[in-house]
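Residue strings, one per chain:
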Amino acid sequence: PARVKVAPSLLSADFADLGGELAAIAAAGADWAHLDVMDGHFVPNITFGPPVIAKLRPRSQLFFDAHLMIRQPERYVGDFVKAGADLITVHAEACDHLHRVLGQIREAGVKAGVALNPHTPVGVLAHVLDLVDLILIMTVNPGFGGQRFIEACLPKISEAREMLARAGLEGRVEIQVDGGVDPVTAPRCVAAGATVLVAGTAVFGKGDYAQAIAALRG
Ligand code: DX5
Ligand code: ZN
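Residues numbered from 1 in each chain as written. Chains lettered and ligands numbered in written order. Predicted model: local features only at pLDDT ≥ 70, side-chain atom pairs only at ≥ 80, totals over all residues.

Next up on the list: the overall build of the protein. Helix and strand counts for the protein come out as eight helices and eight strands. For a compact globule of 218 residues, the expected C-alpha radius of gyration is about 17 Å, and the protein comes in at 16 Å, within 12% of that figure. If one aligns the C-alpha atoms of the protein with their principal axes, the spans along those axes are about 40 × 35 × 30 Å. Counting across all 218 residues of the protein, residues that qualify as buried make up 43%. In the protein, the proportion of contacts linking residues at least 24 apart, taken out of those at least 6 apart, comes to 64%. (Helix = DSSP H or I, 4+ residues; strand = E, 2+ residues; numbered from the N terminus. Rg over C-alpha atoms; globule rule 2.2 N^0.38 Å. Buried ≥ 20, exposed ≤ 12 C-beta atoms within 10 Å, placed from the backbone. Contact = placed C-beta atoms within 7 Å.)

Note that Leu62 resides in the loop between α2 (50–56) and β3 (63–69). Taking the C-alpha atoms as reference points, Leu62 and Trp32, 30 residues apart in sequence, are found 5.5 Å from one another. Apart from residues no more than four positions distant in its own chain, Leu62 is found in contact with Leu22, Ala26, Ala30, Trp32 and Ala33.

So, about the UniProt feature "active site" (unreviewed entry) in the protein. When the UniProt feature table is mapped to this numbering, "active site" (unreviewed entry) covers Asp36 and Asp178. Annotated residues spanning 143 residues; largest pairwise C-alpha distance 10.6 Å, indicating a single compact cluster. The class for Asp36 is buried, based on 24 C-beta atoms found within 10 Å. Not counting chain neighbours up to four residues away, the residues in contact with Asp36 comprise Ser9, Leu11, Thr47, His67 and Met69. With 26 C-beta atoms packed within 10 Å, Asp178 lands in the buried category. Among residues more than four places away in sequence, those in contact with Asp178 are His67, Leu136, Met138, Thr139 and Val198. (UniProt positions renumbered as here; feature names shortened; annotations may be inferred.)

In the region of ligand 1, 22 residues are neighbours, and Ser9, Pro142, Gly145, Gly200 and Thr201 sit closest. Where the shell around ligand 1 is concerned, the elements lending two or more residues are β2 (32–38), β8 (196–199) and α7 (201–204). Split into classes, the residues belonging to the shell around ligand 1 amount to eight nonpolar, twelve polar and two charged. (Near = placed C-beta within 6 Å. Nonpolar A, V, L, I, M, F, W, Y, C, P; charged D, E, K, R; others polar.)

Before going further, it helps to spend a moment on the nonpolar core. Among the nonpolar cores identified, the biggest contains 70 residues, and Ala33, Ala66, Ile88, Ile137 and Leu197 are the most heavily contacted of them. If we skip the residues at most four places from it in the chain, Ala66 touches Leu35, Val37, Ile53, Phe80, Ala85, Leu87, Ile88 and Thr89. (Core = buried A, V, L, I, M, F, W, Y, C linked by C-beta atoms within 7 Å.)

What follows concerns the UniProt feature "binding site: substrate" (unreviewed entry) in the protein. Mapped onto this numbering, the UniProt entry annotates "binding site: substrate" (unreviewed entry) at Ser9, His67, Gly143, Phe144, Gly145, Gly146, Asp178, Gly179 and Gly180. With respect to the element layout, Gly145 can be found in the loop between β6 (134–138) and α5 (154–166). Here Asp178 lies in strand β7 (residues 174–178).

A separate point is helix α1 (residues 18–27). Leu18, Glu21, Leu22 and Ile25 are the residues of α1 that are buried. All buried residues of α1 project into a common sector of 105° when viewed along the axis, lining one side. Exposed side of α1, more than 90 degrees from the buried face: Gly19, Gly20 and Ala27 are the residues found there. At its buried positions, α1 is contacted by β1 (5–8), β2, α2, α7 and α8 (209–217). (Arc of directions from axis to C-beta.)

Summing up the model confidence of the protein, the mean pLDDT is 98 and the portion of residues at 70 or higher is 100%. Interface scoring of the predicted complex returns ipTM 0.99; its pTM is 0.98. (pLDDT = per-residue confidence, 0-100.)

The next subject is the environment of Thr89. Mapped onto the secondary structure, Thr89 falls in strand β4 (residues 87–91). When the C-alpha positions of Thr89 and Thr120 are compared, they lie 15 Å apart, and in sequence the two are 31 residues distant. Apart from the residues lying within four places of it in its own chain, the contact partners of Thr89 are Ala66, His67, Leu68, Gly113, Val114, Ala115, Leu134 and Leu136.

Overall, parallel pairing links the eight strands, which are arranged β1-β8-β7-β6-β5-β4-β3-β2 in an open sheet. The outermost strands of the open sheet, each flanked by one partner alone, are β1 and β2. Direction aside, the axes of adjacent strands within the sheet are offset by 25° on average. Judged from the four bridges that link them, β1 and β8 form a sheet pairing that is parallel. (Pairing = 2+ DSSP bridges. Axes fitted to C-alpha atoms, helices over the stretch in contact; angles between N-to-C directions.)

Now the structure itself:
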């Protein structure tokens, strides 16, 4: 299997120096930049949106992985594409018409992901798999960095992998894990089938980003 990708979450970065932080994680070996967008409605926190991402875009070559924790994301897909997102992940719980939104994202020319809260079964994706480039298994309740990995979510990673295998899509859809990923939980996620690890605290909470990213790869 390919080496696991590491996507540091800028949520735990210095918001007054996001450009510098992006450069630092790129130099430290990050594969993607994970951009947590929160609206204060779907989740009880507010971060940043398309204008900030648009300003970051010319500062970095990293793949921009936008994790939208917002209700009615269909209203903003065009803005995030224009801002420079390479992948747009929406929450299944935040979409009345998930199938339509995924089609909209792909039609806009970027990759489409679906995130699942801890309580949401993997099976909700059974009938949209052909529209999905990434499945995001949340291992915390979204909204904040620095929370504890929820053990009960771990089996969902292998369930996602099995579902993809049954559909003949294994290796063609990324399985991303987000929340409480650290050098202890990361190898367990990878063993279960994770192909992309998101980490906020475990990267930006450390002095040496390169060492922190290497430690996640195990
Ligand atoms: C949580 C966000 C995560 C967050 C993870 O709502 O989606 O991306 O930054 O932070 P850690 O890695 O500290 O759990
Ligand atoms: Zn995230």
